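Each chain, letter by letter, is given below.
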Amino acid sequence: MKRTVLIAALCVVALLAGAGPAQAGTKAIGVDVSRFQGSIDWPTAADSGIRFAFVQASRGSGADCTVKPGQCGPDPYFAANRLAAESAGIRVGAYHRAFASGGTADAARADALAEANIFIAEVGSLQSGELIPVLDAESPFTGMTSASLRTWIRVFVKRVTKKLGRKPMIYTNASSWSATGNTTEFARARYPLWVAEWGVSRPTVPANNWARRGYSVWQYTSSGSVPGISGRVDMDRLGKKLGKIIVR
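Presented here is an overview of the structure given in this document.

Thresholds, definitions, all that
Residues numbered from 1 in each chain as written. Predicted model: local features only at pLDDT ≥ 70, side-chain atom pairs only at ≥ 80, totals over all residues. Heavy atoms only, no water. Phe/Tyr/Trp six-rings, centres within 6.5 Å; stacked < 30°, edge-to-face > 60°. Buried < 20%, exposed > 50% of the residue type's maximum accessible area, 1.4 Å probe, protein only. Lys NZ or Arg CZ within 6 Å of the ring centre and 35° of its normal. Helix = DSSP H or I, 4+ residues; strand = E, 2+ residues; numbered from the N terminus. Expected span 1.5 Å × (residues − 1). Arc of directions from axis to C-beta. Contact = heavy atoms within 4.5 Å. Pairing = 2+ DSSP bridges. Patch = residues over 30% accessible without salt bridge, like charges linked within 9 Å, V, L, I, M, F, W, Y side chains within 5 Å. Areas by Shrake-Rupley, 256 points an atom, 1.4 Å probe, with all protein chains shown as cover. Salt bridge = Lys/Arg side-chain N within 4 Å of Asp/Glu carboxyl O. Lys, Arg positive; Asp, Glu negative; His and termini not counted. Charge placed at Lys NZ, Arg CZ, Asp CG, Glu CD. Axes fitted to C-alpha atoms, helices over the stretch in contact; angles between N-to-C directions. Parallel < 35°, antiparallel > 145°, perpendicular 65-115°, else oblique. Left-handed = near helix turned anticlockwise from the far one by under 90°. Nonpolar A, V, L, I, M, F, W, Y, C, P; charged D, E, K, R; others polar. Core = buried A, V, L, I, M, F, W, Y, C linked by side-chain atoms within 4.5 Å.

### Digging into the packing of aromatic side chains
This model, assessed by the stated rule, comprises 11 aromatic pairs. Considering the side-chain rings of phenylalanine 52 and phenylalanine 54, the 6.1 Å spacing of their centres and the 75° angle between planes classify their relative orientation as edge-to-face. Like phenylalanine 54, phenylalanine 52 is buried. A network of ring pairs unites the aromatic residues Phe52, Phe54, Tyr95, Tyr171 and Trp194 as a single cluster. Residue placement shows arginine 97 over the ring face of phenylalanine 99; its charged tip is 4.4 Å from the ring centre. Sitting above the plane of the tyrosine 220 ring, arginine 237 keeps its charged end 5.4 Å from the centroid.

Okay, structure coming up:
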């Protein structure tokens, strides 16, 4: 009897030791993709167990696009990815990769509106069953103070909320969010959090554990491998029930 108990205990220890870096959150697995993944075989990805996907709709605006025009503006794969992933039974959400700039409140406001309008035009409208939209707020932030960065984010999320009808989720990481002064403003205003941190068992959640509300999604690796998607891909795990971030 003692030998059986010992073997069972050792098996449990072995399983926990090999659980890998994505232990926190729920079992549902998703991806986030952009133009950099090229064409994706969404039915194959769905068959492999992918349940949700965030698809880049747009990236930067204005002066950002003069630096790397091929990597800026509307994502040329967005419409196709959105349709094909949804047709394969995958929940889809649109995100905007921000390149925030502006050292003053007026400059930050103008830049945020320009980027928000590009995103809104590309998404068009949200459909029932889709995931809520996302602002990807990560460094670099060009010439910004913590106050002007907070203004930028505030203007962007309010514009998207007004035009698309749902508060967007904010994607960030602890290091990037520190540039805002680690503000809890957006957490207290109930903008959900998508946090990024790779190679750890649990992510570091900024803004006092997002004002004690925790995260809705965790990007736990940037080097995942998914059938149907070429090369390495970002992978995500839910921190709360999927229904919390679905458009009704």
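What follows picks up the thread again.
### Considerations on helix 5 (residues 105-123)
The terminal C-alpha atoms of helix 5 lie 27 Å apart, and with 19 residues this matches the ideal 27 Å at 1.5 Å per residue to within 8%. When helix 5 is considered as a whole, its buried residues turn out to be Ala108, Asp111, Ala112, Glu115, Ala116, Phe119, Ile120 and Val123. For helix 5, the angular spread of the buried residues around the axis is 165°, confining them to a single face. Seen from the buried face of helix 5, the exposed residues on the opposite side, beyond 90 degrees, are Asp106 and Ala121.

### Things to note about the side chain of serine 216
Tracing the sequence through the fold places serine 216 in the loop between helix 9 (206-212) and strand 8 (217-224). Not counting the four nearest positions on each side in its chain, serine 216 is found in contact with Met169, Pro192, Leu193, Leu238, Gly239, Lys240 and Ile245.

### Concerning the environment of valine 92
Looking at the element boundaries, valine 92 is found in strand 4 (residues 91-97). By relative accessible area, which is 2% here, valine 92 ends up buried. Sequence separation between valine 92 and aspartate 32 is 60 residues; the distance between their C-alpha atoms is 9.5 Å. In this structure, valine 92 is in contact with Ala53, Val55, Arg82, Ala85, Glu86, Glu130 and Leu131, ignoring residues within four places of it in sequence.

### Here's the deal with unusual backbone geometry
For the bond running from serine 139 to proline 140, omega is 10°, close enough to zero to count as cis. Inspection of the secondary structure puts proline 140 in the loop between strand 5 (134-136) and helix 6 (146-164). Its identity as a non-glycine residue notwithstanding, asparagine 208 has a phi of 55°, on the positive side. Notably, tryptophan 210 is not glycine yet its phi reads approximately 50°, a positive angle.

### Points about the pairing of strand 9 (residues 233-238)
Counting buried positions along strand 9 yields five of six residues, so the element is predominantly enclosed. Bridge analysis of strand 1 (residues 29-33) against strand 9 gives four bridges, and the strand direction is antiparallel. Its bridge partner lying in strand 9, isoleucine 29 is registered against arginine 237. Pairing analysis gives five bridges linking strand 8 to strand 9, with the strands arranged antiparallel. Each bridged residue has a counterpart across the sheet, and for tryptophan 218 the counterpart in strand 9 is arginine 237.

### Considerations on a positive patch on the surface
A surface patch of like charges, here positive, comprises Lys167, Arg190, Lys240, Lys241 and Lys244. Along the polypeptide, lysine 167 turns up in the loop between helix 6 and strand 6 (169-172). On the basis of relative accessible area, lysine 167 is assigned to the partly exposed category, the value being 33%.

### Section: the packing of helix 5 against helix 6
One can describe the packing of helix 5 onto helix 6 by two numbers: an axis separation of 8 Å at closest approach and a directional angle of 30°. Overall, the two elements helix 5 and helix 6 adopt an arrangement that is roughly parallel. The two elements helix 5 and helix 6 cross, and the hand of that crossing is right-handed. Together, Ala105, Ala108, Arg109, Asp111, Ala112, Leu113, Glu115, Ala116, Asn117, Phe119, Ile120 and Val123 of helix 5 and Ser148, Thr151, Trp152, Val155, Phe156, Arg159, Val160, Lys163 and Leu164 of helix 6 make up the contact between the two elements. Looking at the contact of helix 5 with helix 6 residue by residue, the class counts come to 13 nonpolar, three polar and five charged.

### What to know about the side chain of threonine 151
Take threonine 151: it is sitting in helix 6. Look at threonine 151 and you get buried, because its relative accessible area is 10%. Apart from residues lying up to four places away in sequence, threonine 151 is in contact with Ala105, Ala108 and Arg109.

### Details of the nonpolar core
Proteins that are soluble and globular tend to have nonpolar side chains buried together. Ranked by internal contacts, the top residues of the largest apolar core, which has 70 residues, are Val31, Phe54, Trp152 and Ile153. It is helix 6 that contributes the most residues to this core, eight residues altogether. Dropping the residues within four chain positions of it, tryptophan 152 is found in contact with Ala98, Ala100, Ser101, Ala108, Asp111, Ala112, Glu115, Leu135 and Met144.

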